[in-house]
Amino acid sequence: MTQRALRERIVRLREEIEYHNHQYYVLDTPEISDAEYDRLFSELEQLEAAHPELITADSPTGRVGAAPLAAFDSVTQRQPMLSLNNAFAIEGVEAFDRRVCVALGRSEIEYAVGPKFDGLAISLVYEHGLFVRGATRGDGYTGEEVTANLRTIRSIPLRLPAGCGAPSLLEVRGEVLMLHADFGSLNQRQQAQGEKVFANPRNAAAGSLRQLDPRITAGRKLTFFAYDVSGSEDWVAPEKHSQLIDFIEKNGFRVAQERAVVCGVAGLLGYYERIGATRADLVYDIDGVVYKVNSLAAQQQLGFVARAPRFAIAHKFPAEEATSVVLGIDVQVGRTGALTPVARLQPVFVGGVNVTNATLHNEDEVQRKDVHIGDTVVVRRAGDVIPEVVRVATPGPRRATDRFEMPALCPVCGSRVVRSADEAVARCSGGLYCSAQRKQALLHFASRRALDIEGLGERLVDQLVEQNLVRTPADLYALDEAALAGLERMAEKSATNVVAAIRKSRETTLARLIYALGIRNVGESTARDLARHFGTIEAIEQADAAALQQVPDVGPVVAQSLAEFFAEPHNLQVVHKLAQAGVRYAPAEPQRAATGGVAGKSFVLTGALPGMSREYAKALIEAAGGRVVGSVSKKTDYVVAGSEAGCKLEKARTLGVTIIDEQQLQALLVSSG
Ligand code: IVH
């Protein structure tokens, strides 16, 4: 074959294979037999093996899985991946619609509606039509790059069709999930091979996607459903969300066939009923439906509040329930000392998992629900939520000893249990003397959204605390392989890995660090607001109540929790020891509260930004009311510097103009949005 004929054949084969992929995996209407498909595929494989110089990033042969990675890179989301507010009852839906009507000054709203997929949120980036990067949602701001794994998913196009009106940069968001049939056969296979059997399709999808070896992912059949898209400024976006979905579908993505456009509350509730009735027939799991204001202009007008859009809501299906017998009621000690009564149950399969424990929340709830050991109770589990005891179905024999009583002393450390008059929660007064609290504090510190120390799980933390190797998070940084070597189930390699993970966690962000400290009432979103506002941990430490309450969403309760935390000498000591151990973060440019945000500000962009093109950054800034100018002057508010920034950066330094990076720009944009 001549070189030219060879190239043409390869291109032709790729097109044919992707055509059949689309027929099979997206449209569910295969046109050729598996054998014919395999023939095309192996011809392409052979040609590429003989001519590796002709392999391209969008070749379907790449779908069988690239070489394993050592770890996932993290990526900054171009725009944060937020979550949806939930409604569980009609009243919640009515209230949502009313708010939208009032905000838009209209009496009836058109909504785009669709199923709420129960999988993993994913973002896919296409540059000039080529799939270049895919990431998990992560904490919404940074996710893990799983491009190589996503390439193995046949319903994700590696290249967008030419001439389909796609802009130079397109971001498609959606959900990766496992279809029921694929889940069934995976579990059969796993069982036959004596491997782990997955409890539900969602866990199977998550487990398959978070594999460092893409060849494992390639062996698991995952499916991607798209539900949102955005593009660079050269894109003329349609006017409605429903048209966006049609556009993505035209570009080769799988979208929900059950989507619809409806009007008003009656339309929403009618759709909910319809989907609810057909839920069991769907080939994938859903946990509700999603309602979005259809007009994109109206969406923009409504905007966001905290971490969720005002223009959309998830209407969840009722959580699954089952009955089981209470074998005992234990008391668990949480990170803040809260004592939670937990019912130990005869194992029961509910909401996709085997449940052996269900929370009873607190003492008052046990009394109110009148739960005794030996009772048969209704247990509920929804999504990722902790299973709970809903009510007693049939009372048991109820001997005197079957009654639950909150112990007077902490079951772990023996400290007094206290309960203040205005609180439903009883707490162990032992503080960090209580090993249960220490363990929970360490687990929280190491958790994925906090300092993300892989391998520092429950079993290891139990041992570290029990053997007194670690008392506070700061002690983690003094651990070495030798200290870990003596512990149970700690092979040399895992000790090395844990030490490396601890070391790696020292480079973090201020938001994560604040969150990791486990200050009461300071969740992720508050931690992020505090970081953005104050810029350094010292500034937060020194802020008084009034200064703290300048931060969005920080009221007297949070301010009080912060004050209490930093008034405690041993907490201050931990913070200082962490710094001494080398835990550091890039100090954030504090947001200038009075003027804040992007609107009215002038920006100069220089160098290559890691996560977005300069054009795209410009579009974002302009959309938020800022200006992008070509050269730096004293009047420039911000210089956004990427890698290899040249003389503009120099000039900014000379003139003392504030220099920020992409992440800080994102933060500013978020605070403006
Ligand atoms: S729209 C601003 N549509 O639900 C958020 N989300 O709580 C816009 N999800 O993690 C999301 N199906 O991955 C949207 N049809 C759908 C969805 C959907 C599932 C997930 C999404 C996100 C979570 C939101």
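Residues numbered from 1 in each chain as written. Predicted model: local features only at pLDDT ≥ 70, side-chain atom pairs only at ≥ 80, totals over all residues. Heavy atoms only, no water.

Student: Hey, could you run me through the sheet that holds strand S9 (residues 260-263) in this one?
Tutor: Two pairing modes exist for strands in a sheet, parallel and antiparallel, and in both the strands are linked by backbone hydrogen bonds. As summarised here, the arrangement of the 5 strands in space is S2-S13-S10-S3-S9, forming an open sheet in which the pairing is mixed. Unpaired on one side and paired on the other, strand S2 (86-87) and S9 mark the two borders of the sheet. Direction of pairing for strand S10 (residues 286-293) relative to strand S13 (residues 312-316): antiparallel, over a ladder of 5 bridges. Among the inter-strand pairings, Gly288 is bridged to a residue of S13, identified as Lys316. (Pairing = 2+ DSSP bridges. Helix = DSSP H or I, 4+ residues; strand = E, 2+ residues; numbered from the N terminus.)

Student: Where do I start with helix H21 (residues 556-567) in this structure?
Tutor: Residues spaced three or four apart along an α-helix point in a common direction, a consequence of the helix completing one turn every 3.6 residues. Counted at 1.5 Å a residue, the expected span for H21 with its 12 residues is 16 Å, and the 16 Å between its end C-alpha atoms agrees. Buried residues belonging to H21 abut helix H18 (524-534), helix H19 (537-542), helix H20 (545-548) and helix H22 (569-580). (Expected span 1.5 Å × (residues − 1). Contact = heavy atoms within 4.5 Å.)

Student: Help me understand the side chain of Glu18, please; the structure alone is not making it clear to me.
Tutor: Inspection of the secondary structure puts Glu18 in helix H1 (residues 3-26). Among the polar contacts made by the side chain of Glu18, one reaches the side chain of Asn21 at a distance of 3.1 Å. (Polar contact = N/O pair within 3.5 Å; in protein donor to acceptor, adjacent residues only side chain to side chain.)

Student: Honestly, the site of the ligand in this entry has me stumped. Any pointers?
Tutor: Around the ligand sit 13 residues, and of these Leu84, Pro115, Phe117, Glu175 and Tyr227 come closest. Contact between the ligand and Pro115: a nitrogen atom at 3.1 Å from a main-chain N or O atom of the residue. Within the contact set of the ligand, a nitrogen atom lies 3.0 Å away from a backbone nitrogen or oxygen of Phe117. Burial of the ligand by the protein chains amounts to 86% of its free accessible area of 510 Å². Put simply, the parts of the chain that give the shell around the ligand at least two residues each are strand S3 (110-117) and S10. By residue number, the principal contributor to the shell around the ligand is S3, which donates 3 residues. Classifying every residue of the shell around the ligand gives 8 nonpolar, 1 polar and 4 charged. (Near = heavy atom within 4 Å. Areas by Shrake-Rupley, 256 points an atom, 1.4 Å probe, with all protein chains shown as cover. Nonpolar A, V, L, I, M, F, W, Y, C, P; charged D, E, K, R; others polar.)

Student: Help me out: how do you make sense of the packing of aromatic side chains in this one?
Tutor: What characterises a pair of aromatic rings is the spacing of the ring centres plus the angle enclosed by the ring planes. This model, assessed by the stated rule, comprises 14 aromatic pairs. Here the aromatic rings of Phe117 and Phe225 are separated by 5.0 Å at their centres, their planes lie at 25 degrees, and the arrangement is stacked. You can see Phe117 sitting in strand S3 and its partner Phe225 sitting in strand S8 (residues 223-231), a full 108 residues away along the chain. A residue is classified by how much of its surface remains accessible, and Phe117, at 7% relative accessible area, is buried. Considering the side-chain rings of Phe603 and Tyr638, the 5.2 Å spacing of their centres and the 25 degrees angle between planes classify their relative orientation as stacked. (Phe/Tyr/Trp six-rings, centres within 6.5 Å; stacked < 30°, edge-to-face > 60°. Buried < 20%, exposed > 50% of the residue type's maximum accessible area, 1.4 Å probe, protein only.)

Student: How should I be thinking about unusual backbone geometry in this particular structure?
Tutor: For residues other than glycine, phi is negative in most cases, and the peptide bonds are mostly trans. Phi at Asp28 is positive, roughly 65 degrees, even though this residue is not glycine. With respect to the helices, strands and loops of the structure, Asp28 is situated in the loop between H1 and helix H2 (34-50). Of note, the phi angle at Glu644 is positive, near 55 degrees, even though the residue is not glycine. Locating Glu644 in the fold gives a position in the loop between strand S25 (638-641) and helix H24 (647-655). Classification of Glu644 as exposed rests on a relative accessible area of 80%.

Student: Mind showing me how you'd approach the packing of helix H3 (residues 90-104) against helix H9 (residues 264-278) here?
Tutor: In a packed pair of helices, the relevant descriptors are the angle between the two axes and the axis-to-axis distance. Following both chains from N to C, one finds H3 and H9 inclined at 140 degrees, their axes separated by 10 Å at the closest point. Taken together, the axes of H3 and H9 lie oblique to each other. As H3 packs across H9, the resulting crossing turns out to be right-handed. Within the contact between the two elements, H3 uses Ile90, Val93, Glu94 and Asp97 and H9 uses Val265, Leu268 and Leu269. Residues of the contact of H3 with H9, tallied by class, amount to 5 nonpolar, no polar and 2 charged. (Axes fitted to C-alpha atoms, helices over the stretch in contact; angles between N-to-C directions. Parallel < 35°, antiparallel > 145°, perpendicular 65-115°, else oblique. Left-handed = near helix turned anticlockwise from the far one by under 90°.)

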